[in-house]
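Here is what each chain is made of, one letter per residue.
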Amino acid sequence: MLEGKFYDALSRLRLQMSHKTSLNMSGSRKSVQKGISAEFSDFREYMQGDDLRRLDWNVYARLDKLYIREYMEEKEAIVSVLIDTSASMDYGAKSKAELAADLAAVVSFLALNNMDRLVLYDMKDMGRGFSVGGGRNAFAKVLRWLEGLSFSGELDILSAVKKMRNRGPGVTVIISDFLHKDMLVQPSGTLSKTTAEHTSYEKLLQYLNYCKQRPVILHTLAEEELRITLEGALNLIDAETNSKLRLTMDARIIDRYEKELNRFMEHMKKGCTAGRGAYVLCNADKDRKQLVFQDLRVIYDI
């Protein structure tokens, strides 16, 4: 887990939102509902029963009509954090699982520090979302929950996301390596444009947009997955299915792998930004300070 000084530095930041919330709980986000906060929203004509203290007498003097001043009501936003806890995440000399916990802790702190409602999900057990509110004093509960995560087995990312409870507009953060067969882009030239547009990743983003969620994709990969150093004849074993693949690692194979990986990451980034979301490649080997305060800047409001 990250040290306390990381969280002190995060205190001035908060997550970007693309949708205004309409919940009934108080918080620090601007709502589509009208209320009595300090930020002016609009005028409307007086109706019987309105609070006379909100009449604008200056407007009345100019127009000879009664108008009410309306204000934006501050509401609590929803930040959902979904963590891929499949076996493939437990890989790397500096594991993706440890990185996922650190990233989830950072996002959770940002949400709680800004009085947002936080919901954490283990993607293998979507029926038991861990809902946390009450500000940064509740952050210790988040750390305890993250420490209890277990990375094993398989999961279907799209099916898991569709099980998330729809609590209204907000931000949905997905932390995963996305190394799942239904998420991967097929090799160049094997899919028509029409088929490619309907891969599970596109369906995932479409679903989040339908639910009025700003997608934040934190794509976690190990250094060993980004820069291949293996050589010779190898037996590759799938961490989730235990299936084996006999492969000779040479320059040609490594070059093809790197090209397909780059195409996959570019595909994910384009899809996410097109939906007014944010995509960040997160290398498990990277210095956490640089990752959190530089690479993740695209998800913050400064």
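Before any of the text, the structure's been laid out above.
Residues numbered from 1 in each chain as written. Predicted model: local features only at pLDDT ≥ 70, side-chain atom pairs only at ≥ 80, totals over all residues. Heavy atoms only, no water.

Caption draft 1: Representation of the pattern of salt bridges within the structure. One pass over the full model with this rule turns up nine salt bridges. Where K96 meets E225, a salt bridge forms, and the shortest distance between an N and an O atom there is 2.7 Å. Within this pair, whereas K96 is found in helix 3 (residues 96–113), its partner E225 is found in helix 8 (residues 223–226), the two being separated by 129 residues in sequence. A relative accessible area of 0% places K96 in the buried class. For E225, a relative accessible area of 11% puts it in the buried group. The shortest N-O distance in the salt bridge between R128 and D125 comes to 2.7 Å. Using a relative accessible area of 27% as the deciding quantity, one classes D125 as partly exposed. In the salt-bridge network here, residues are joined through shared partners; they are K96, D177 and E225. (Salt bridge = Lys/Arg side-chain N within 4 Å of Asp/Glu carboxyl O. Helix = DSSP H or I, 4+ residues; strand = E, 2+ residues; numbered from the N terminus. Buried < 20%, exposed > 50% of the residue type's maximum accessible area, 1.4 Å probe, protein only.)

Caption draft 2: Structural detail: the packing of aromatic side chains. Here the structure, examined in full by the defined rule, presents seven aromatic pairs. When the centroid spacing of 5.9 Å and the interplanar angle of 20° are considered together, the rings of F6 and F293 count as stacked. Taken together, the residues span a long stretch of sequence, with F6 in helix 1 (residues 4–10) and F293 in helix 10 (residues 288–293) at a distance of 287 residues. Ring centres 5.9 Å apart and planes at 85° place the aromatic pair W57 and Y60 in the edge-to-face group. Of the two residues, W57 and Y60 both sit in helix 2 (residues 57–63), three residues apart, roughly one turn of that helix. Feature note: the residues Y7, F109 and F139 constitute an aromatic cluster, connected by ring pairs. (Phe/Tyr/Trp six-rings, centres within 6.5 Å; stacked < 30°, edge-to-face > 60°.)

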